[in-house]
Structure formats: C-alpha cells, structure tokens
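# A closer look at the structure
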Amino acid sequence: MLVLVAPGQGAQTPGFLTPWLELPGAADRVAAWSDAIGLDLAHYGTQADADEIRDTAVAQPLLVAAGILSATALGDVAPGAVAGHSVGEFTAATFAGVLDDTAALTLVRTRGLAMADAAAITGTGMSALLGGDPDVSVAHLEKLGLTPANINGAGQIVAAGTLEQLAALNEDKPEGVRKVVPLKVAGAFHTRHMAPAVEALAKAAADLAPADPKVRYVSNRDGRAVATGAEILERMVGQVANPVRWDLCMETFKELGVTALVEVSPGGTLVGLAKRALPGVKTLALKTPDDLDAARELIAEHGVA
C-alpha cells in the first residue's frame, strides 16, 4: 500500500524549483499560477536566496506549487492514502481532488500572508528537539511557556513560542534531548500566536466548494482519515493555530498496512521520519526529476496506476 505525502514549511532551499521547471509544460503552469496568486513563483523558486524564501508568504505557495508539479510528473497514481505536514495538507488536498490546483494555491497564498501578519505582531519562532522522551519533553516545554506545535514521532518534537522562550529552551533542554535546532520559519506556527490568521483563512475558504476526496485523506490534526471535503477544508483552516500530529498520521499509515511512502518535492524531511518510525516501509523522496524513475518503479510495486 502506497502513501503519498507532502512536506511542510522549512523544507525549501534556494533554487530547488529550478530542475522541475525544465519538465514539459511546467514553466507555463507555474507562470499561470503566479498570475493567479500575484507572486512570481519561478523567481522565488530559482533565484531567491534563503532569507527571501524563508518569508512565510512566499514559502507556503512555493512549496505547494513544487509538490503539485512533482506529483503530476509521476503520472497517474492512485495511492492508498495521502497526507501533508502543515502547509503540505494543501498539496495533499490537490492529490485527493478536494481542491483544484489554482484554488489550493490561492488559498495557501492567503494563508501565508495571514500567518506572516500574525507572526509580525510578536517575535516568535520554532525549534526542533532531537531525542528525548516525548512526555518529558512536552512537560518541560509547557513549563517554559512553549507549545509542542509539531509532534512528529520518531523522537522529534517541534517547540514554538516567543524568541525569549526559545532562547531559554536552548539554555535548558529537556532531559534526554540531544540537540535543539532552530527551524527556517518566521513565526510560532500551530500555536495561539496564529489565531488572527485563522479568521482570515476561514473568510477566504468560505467561497470555496471542496469536493469529497477521491482517495483516503489522513488529517494531521489527529491522524484520522476524513471522508468529506467540507470537513477537510475546515480542518485545514483550524490547523493554522493547532498542533500538527504527524506521529498519529504515521500510526494510521501503519494500521492501513503501508508498504511504501513517496514524499513529493522538496522531499526528505518526512522520509527521514518514516525511516525511523516505520521500519520495513520502502521510502523515496522526490528531490529532483532524477528521482522520478525510481519513484515510478516503487509505485509500480506498491501503488495502483
């Protein structure tokens, strides 16, 4: 059973879109999306530096565009389930047919702008904790006033809060945590600091008519498979200010009998988690078009074309 997944913010690197734009028709699709959302995706994906693409309002539509391009390049694939980490849920919603490409990118552009505005109110950020016991780490974070914004499984939790709180975490790590790694994001996403963004996103989402998913869609709110487009959209709006439970998504994959997992561009993060949490499952990250042939072979073995 094949699972197709999409990464969240922080996975972007300068120039990562460049090789994907060389595929037939890709540059024209990206140009049309850019016109639709008022953002030059090709420029940011090929020429912008790390600081420019760290901007929430840029990073989010850029990641969704790359995910859609790379998934399309695989050809007709019918995975057993799809899921996305944070903004990756928008990419996954296109895989499942809940939203079309332009609707997803337009909504995620609104999301990115609203989250950037919310992040500007207070200096905030996110850091990944590597190692340690989850229960011990969560209790320690709460003592410091931080939120366990992403519980990713495989021994990884992401803390979010003010810059002062994150500095305190660097000086006072939970017992057993090997390292605290600042993430390339510009705010405390999936926390109360993002509450203003939820209202803006809900207003934009009200104009959409989501379809019910054509394949199983696993929500990162609780790892549950959601059957209606309306509920998926409602969850996508609310997750801006609520923790991501990728650990529960991987538990669901396991219960479903996953045998292979493919992560769309810019892949790597979710494959790394799966290698530790889902032993025996074959994984592949779409980093460049050079990975497409290997992905197609994996899909032929484990997915339904």
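Residue numbers run consecutively from 1 along every chain, following the written order of its sequence. With pLDDT at 70 or above as the cut-off, local features in this predicted model cover only qualifying residues; side-chain atom pairs require 80 or more to be listed or tallied, and sums for whole chains, interfaces and linings still use all residues. For the side-chain quantities, the full set of heavy atoms in the structure was used; hydrogens and water were omitted.

Time to look at the overall build of the chain. Numbering goes from the N terminus for both helices and strands, where a helix is a DSSP run of H or I of at least four residues and a strand is a run of E of at least two. Regarding its fold elements, the chain presents 13 helices and 10 strands. Relative to the compact-globule value of 19 Å for 305 residues, the chain shows a C-alpha radius of gyration of 18 Å, a close match. Seen along its three principal axes, the alpha-carbon backbone of the chain occupies a region of about 50 × 45 × 35 Å. Residues classed as buried in the chain amount to 54% of the 305 residues present. To get the radius of gyration, use the C-alpha atoms; to get the globule rule, take the number of residues to the power 0.38 and multiply by 2.2 Å. Residue exposure (1.4 Å probe, protein chains only): buried if accessible area is under 20% of the type maximum, exposed if over 50%, otherwise partly exposed.

The next subject is the packing of helix α1 (residues 26–37) against helix α6 (residues 101–121). Between N-to-C directions, angles span 0 to 180 degrees; the directions come from axes that are lines fitted to C-alpha atoms, helices contributing only their stretch in contact. The geometry of α1 relative to α6 is characterised by a closest axis approach of 10 Å and an angle of 45 degrees between their N-to-C directions. One way to sum up the angle between α1 and α6 is to call them oblique. Considering only the axes of α1 and α6, their crossing is right-handed. Here Arg29, Trp33, Ala36 and Ile37 of α1 come into contact with α6, specifically with Asp101, Thr102, Leu105, Thr106 and Arg109. Gly is put with the polar residues, along with every residue not named as nonpolar or charged; the nonpolar set is Ala, Val, Leu, Ile, Met, Phe, Trp, Tyr, Cys and Pro, and the charged set is Asp, Glu, Lys and Arg. For the contact of α1 with α6, the per-class residue count stands at 4 nonpolar, 2 polar and 3 charged. Relative orientations are named as follows: roughly parallel for angles under 35 degrees, roughly antiparallel for angles over 145 degrees, roughly perpendicular for angles from 65 to 115 degrees, and oblique for any other angle. Each crossing gets its handedness from the near helix: less than a right angle anticlockwise from the far helix is left-handed, clockwise is right-handed. By the convention used here, residues are in contact when the closest approach between their heavy atoms is within 4.5 Å.

What follows covers α6. When the terminal C-alpha atoms of α6 are compared, their 31 Å separation across 21 residues agrees well with the 30 Å that a helix rising 1.5 Å per residue should span. Residues of α6 that are buried sit in contact with α1, α4 (56–73), α5 (88–95), β3 (124–131), α9 (195–205) and α10 (229–238). Two or three places before Thr102, at the start of α6, stands the capping residue Asp100, its side-chain oxygen 3.2 Å from that residue's backbone nitrogen. In a helix, the anticipated span is given by 1.5 Å times the number of residues less one. In protein, a polar contact means a hydrogen-donor-capable atom and an acceptor-capable atom, both N or O and within 3.5 Å, with residues adjacent in sequence counting only if both atoms are side-chain atoms; elsewhere, any N or O pair within 3.5 Å suffices.

For the rest of this paragraph, the subject is the packing of aromatic side chains. Any pair of aromatic rings gets described here by the distance separating the centres and the angle formed by the planes. Centres within 6.5 Å are what make two rings of Phe, Tyr or Trp a pair, Trp counting through its six-membered ring; a difference in plane orientation under 30 degrees is then read as stacked, over 60 as edge-to-face, and the rest as tilted. Enumeration according to the criterion identifies 1 aromatic pair in this entry. Taking 5.9 Å as the distance between ring centres and 80 degrees as the angle between the ring planes, the aromatic pair formed by Trp246 and Phe253 counts as edge-to-face. In this pair, the class of Trp246 matches that of Phe253, namely buried.

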